[in-house]
Every structure is written in C-alpha cells, then in structure tokens.
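Tertiary structure, described
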Amino acid sequence: MNSKGKNKRMLLFGSLAMIVLMTGCASKTNTGNTEANAKTNTKTENAAGASNGGGTEEAPAEKVSIVAYAYPPDKTAENAALDARIKRFMEKNPNVTITPKYWKYENSEIAIKMASNSAQTEFTTWATEGKLLTDKKWIADLTDYMATWPYAKDLNAFATKPYVIEGKTYGIPIDAYGMTITVNKKIFEDKGVPLPPMDWTMEEFIEAAKAVNDPAKGIAGFIPMGKGTEAGWNWTNFLYTAGGEIQTVADGKVTAAFNSEAGLKALQFYNDLKVANVIPKQWALGYGDALSMFNQGRGAMVMCGSGNALDGAINQGGISKDDVLIYPIPSVTKGGKHIGVAGGNYKVINGLADKAQQKAAFDFVVDEYFTQEYLDAIDQQIVDQKSKKQVYVPQLINYWNDDSEYGKKYQAVLDKHDNVYKYSPELIKLMESKPEATYETQAFYAEMANVIQKVLISKGELDLQKLLDDAAAKVQKENFDKVKVQ
C-alpha cells in the first residue's frame, strides 16, 4: 500500500535512502529544483591556456543543486543521520549541493505538489503509484542510469517489478513487504489454546480467533484495520488468497474484477469475523491504531507487512521475541495457496528536474546501497539495539537478491548476533506475495474500505454480492474508465 510497509529499514535509510516526495505537474519547470539550482548552477568555462601557458585543463564539473527529502523536525536522530549522509556525498561530489526538505508523500496531495512545482528532486513513493507517476511524466526514466550502475543486477527482481514499466525502470526499491499475520503466542498459551497450524485456512483462522477472544479482558481474537485505505488493503489479502484479482487489463481498458466469486468469499470472511464477534468493539482502526493495540497485548492476531508488527510488539510493547510468530495469510481450503499483497517503498527521481539534477539525484540515492558502510550500519544498529535490550527484526523481502554476494554478507552480519529475530522456515516455504494492482489502487482501497465498514457495522443480513457489484461499478466509472493504458 503506502508506507504501510513501514519498518525500521526506513529509519536506517536516514543513512541510506530517505523518504521523499513528489514533484511539479504539467509545467515545464520545477521551482522546487530550479530555485535551488539558481544559486549554484553557473556553468564554468573551459579555461584553456589560462593557467599554464596554452595547455588545456578539464573543465570543473557543472555545479548542480538538488533537494532531498528530510524527516519531520521531531525525528532528530533520523535527520542527523541524513545530514551525515549528505555530507559524505558532497565531500565525494563537491560540485553537488543537497538541501534537505520535508514533505511526506500522500496520494491525495501529489497533484497539488506537482502543480506548484514544489517537490524534492528525489523522493519516496509507494508500489501502487508507478503508472500514475509515469503516465503523468512526473518521474524520470532511470533505465540509462541503471545500465551503468554496477549493482543493478543485484537488485531483487520481485521488489523492483512495480517500477519496471513497459521495459523501462522508473524506481529503485527501498524496502518491500509481503503481507502476513502476526500472532501473540502468549495469549494462546495463557488461554490454554494450541497454536493453529502454519498451513491454516480461513476457517481455522476464525476458530483460533474465537478460542482466544476475551472481551472481558479487552482482548480481541483478531485486530483488523477498518479505517482508511488500509481497510481495503487488508481485505485484498483475502481476495488474493481466494484466487481473485482487483482488475484486469485488456485492449487498452482497465476493468474491475474484485466483484467475483473470490471477492465474495473474501467479503463473506469479514462478515463471518463480525458474526463470530472476534474483532474489537471499536474496530475503526487505522494502521498505527491496530499495531498499537496489538503491542499492548489487546489482540491475539493482527495483519501487517512482513515482520513490521514484530518490531513494535517486541521493542515498544515489550513482548518477548519468543512470544510472537509470523503466519502466512490463511488459505481458503487446506493445502491451498497462502497469497498476500506485496508492496513497498521506492525511490524515484523528479521528472521535471533537469538532466544534471536527475543524474546527481540518482547518484545520491544509490550511493550507499551496496556498500560495506550499509552493512556496518546494520551491524551497529543491532549492537545498539542489544544495549537497549531490543531485537533487530530483518525484512522478509530485501532490495537485494538474497543469494547474491551482498545478500550473503548481510546474512553473515545477522548470524553474528543473538538479538536478531528468526523467521520460521515453514513460513518462508508457504507464503506467496502478489504485487498490488497497477492502476488506481488507492482509489480501490478507499472504496473497499466503505464496503468493509458497511459489513462490520451492519446488525442484519446484507447482500454482499450487491455491495461488491456497486463498489465495482463506482470504481469503474470514477477511476478505471479514466485510465489510459499506453
């Protein structure tokens, strides 16, 4: 979804890849870049013979200024790490001036930022945004830069896929996630309930939730996200695992496909959760609300990207790393597939910046990707976390290939420490991840949130198929019909 892949790697990217934001709209210039560049963008002349009697000297590199994303002012540690990274880069590239500027990407604000030409030169966006940004020409084609970057071949192809469009690369993965269910093992043990099998079904999921649900103690069997686009994002996992699709693309047309038999199964599952009374009474929870509730031990299960819920549960909630487990999305039938949504955060380059700025921004973004410095930073983070009695939770999906030389070096760093969370080999074997839809996905999530809220608030019988059909018709008319597939 959006930064619902939120994780501690985003913090470490204070020294690797900062979250950044969007750029200017249909005009030819970007004031967010040109104003910064005006201070330093004086082309130097080739002073042939000026200093050594007729000999030639190579002209100094053209001075260029770019704007990079900064964290909110209260994120002092992250901004300090960013400043240090900027300093390192500018020492190696004295012709480049980098100014940090804060604005966090929001789908609802991007058009305004584009129209005002006030966004950064490089920014972070979500897996769902690729076609929107490329169709508007708001982000630059990075294919030529990638061709000369020696580490491009080591990028995880699955993670990179959302920003490889029509054979061209437009974004670089910062992190990627596959949706999972995080389980509080201690709640099961305290209730004397055996853990469900890792190869579980939707029916077994509900039975497990019913067995540990304890409203008198304020403990829900399952904590769904019922507010905002994250509600639709959560539901889509059950659509996928039931074999459904959000949309189909054929003959230049995008067509809603979620009002299918699979969609009905997924919506029936939510209705069954409501009937079983295993969700919190106040279920209108956003992303942070749901994870905070889980961290407080007020729910036995929550859905989140990869192990992102683990980090908060262990390091903020104080739950032992041995008391939390990660499960795949439950299948419809025993032995069926466990398919969850895959998404992540991506670095992209402002399409309205000039070529010199785009090149400088690309160089800055990838400068510390495949470096020993990054591995050293992770090593130091693990050490620092241990000193605070915290646990390092690695990603399930990295931006690099795990079997690459760099991936092996990373694993060697993890193996040195005993405060690193280890995922179940069975989880890795069972879980599958399916990328988010290409077109107007945020609009789809928002509309499905409305549907889910109708289901969860209803006291009587609902025509679930009609709810889906109406939602599909609305998204089709207001969003999908307006897409121009190129």
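Refer to the structure above for everything that follows.
Because the structure is predicted, anything quoted here is derived from the model rather than measured.

Regarding the overall build of the protein chain
Across its full length, the protein chain holds 19 helices and 12 strands. A total of 486 residues make up the protein chain; the buried ones form 55% of that total. Entry remark: accessible area of the protein chain is about 20,700 Å², with carbon and sulfur atoms responsible for 52%.

Some words on the environment of Pro196
Relative to the helices and strands, Pro196 is located in the loop between α8 (185-190) and α9 (202-212). Residues Pro196 and Ala208 lie 12 residues apart in sequence; the distance between their C-alpha atoms is 6.5 Å. Not counting chain neighbours up to four residues away, the residues in contact with Pro196 comprise Phe188, Ala208 and Tyr327.

Quick word on helix α10 (residues 229-241)
Counting along an α-helix, one turn takes 3.6 residues, and residues three or four places apart therefore face a common direction. Between its first and last C-alpha, α10 extends 19 Å over 13 residues, near the 18 Å set by a 1.5 Å rise per residue. Counting buried positions over the 13 residues of α10 gives 12, a clear majority of the element. Among all positions in α10, only Glu230, Ala231, Gly232, Trp233, Asn234, Trp235, Thr236, Asn237, Phe238, Leu239, Tyr240 and Thr241 are buried. One or two residues past the end of α10 sits Gly243, with phi positive at roughly 95°.

Notes on the environment of Ile139
With respect to the helices and strands, Ile139 occurs in the loop between α5 (130-135) and α6 (143-148). Taking the C-alpha atoms as reference points, Ile139 and Ile349, 210 residues apart in sequence, are found 5.4 Å from one another.

Comments concerning the packing of aromatic side chains
Here the distance between the centres and the angle between the planes together describe a pair of aromatic rings. One pass over the full model with this rule turns up 32 aromatic pairs. Where Trp200 meets Tyr327, the ring centres are 4.7 Å apart and the plane angle is 50°; that geometry is what we call tilted. On the criterion of sequence distance, the pair formed by Trp200 in the loop between α8 and α9 and Tyr327 in strand β10 (residues 324-327) is long-range, its members being 127 residues apart. This pair shows no difference in class: Trp200 is buried, exactly as Tyr327 is.

Section: the nonpolar core
Among the nonpolar cores identified, the biggest contains 90 residues, and Trp235 and Phe258 are the most heavily contacted of them. Of all the elements, helix α18 (residues 441-457) adds the most residues to this core, at eight residues. Once residues within four sequence positions are removed from consideration, Phe258 is found in contact with Trp235, Leu239, Glu245, Ile246, Gly263, Phe444, Met448, Leu468, Ala471, Ala472 and Val475.

Some points on the pairing of strand β7 (residues 247-250)
Relative to strand β8 (residues 253-256), β7 is paired through four bridges, and the arrangement is antiparallel. In the sheet register, Ala250 faces β8, and the bridge partner there is Lys253. Hairpin connection, β7 to β8: the antiparallel pair is bridged by two residues, and Asp251 has positive phi, about 55°.

Some points on α18
Taking 1.5 Å of rise per residue, the 17 residues of α18 would be expected to cover 24 Å, and the 24 Å separating its terminal C-alpha atoms lies within 8% of that figure. Turning to α18, its buried residues are Thr441, Gln442, Phe444, Tyr445, Glu447, Met448, Ala449, Val451, Ile452, Val455 and Leu456.

Brief notes about the environment of Gln247
One can find Gln247 in strand β7. A relative accessible area of 10% places Gln247 in the buried class. With 193 residues separating them along the chain, Gln247 and Glu440 place their C-alpha atoms 9.8 Å apart. With residues near it in sequence (within four places) discarded, Gln247 still touches Val254, Thr255, Ala256, Ala257, Ala437, Thr438, Tyr439 and Phe480.

Looking at the pattern of salt bridges
The final tally for this structure, using the stated rule, is 22 salt bridges. Through salt bridges with shared partners, a single ionic network connects Lys131, Asp135 and Glu166.

Quick look at the packing of α10 against helix α11 (residues 261-276)
Relative to each other, α10 and α11 sit at 120°, their axes nearing to 8 Å. The orientation of α10 with respect to α11, classified from their angle, is oblique. Like other packed secondary-structure pairs, α10 and α11 cross with a definite hand, here right-handed. Every residue of α11 that contacts α10 at Ala231, Asn234, Trp235, Phe238 and Leu239 is listed here: Ala262, Gly263, Ala266, Leu267, Phe269 and Tyr270. When its residues are assigned to classes, the contact of α10 with α11 shows nine nonpolar, two polar and no charged.

Here is what the cut-offs are and how they apply
Residues numbered from 1 in each chain as written. Predicted model: local features only at pLDDT ≥ 70, side-chain atom pairs only at ≥ 80, totals over all residues. Heavy atoms only, no water. Helix = DSSP H or I, 4+ residues; strand = E, 2+ residues; numbered from the N terminus. Buried < 20%, exposed > 50% of the residue type's maximum accessible area, 1.4 Å probe, protein only. Areas by Shrake-Rupley, 256 points an atom, 1.4 Å probe, with all protein chains shown as cover. Contact = heavy atoms within 4.5 Å. Expected span 1.5 Å × (residues − 1). Phe/Tyr/Trp six-rings, centres within 6.5 Å; stacked < 30°, edge-to-face > 60°. Core = buried A, V, L, I, M, F, W, Y, C linked by side-chain atoms within 4.5 Å. Pairing = 2+ DSSP bridges. Salt bridge = Lys/Arg side-chain N within 4 Å of Asp/Glu carboxyl O. Axes fitted to C-alpha atoms, helices over the stretch in contact; angles between N-to-C directions. Parallel < 35°, antiparallel > 145°, perpendicular 65-115°, else oblique. Left-handed = near helix turned anticlockwise from the far one by under 90°. Nonpolar A, V, L, I, M, F, W, Y, C, P; charged D, E, K, R; others polar.

Honestly, that's just the spatial picture; any functional story needs more than this.
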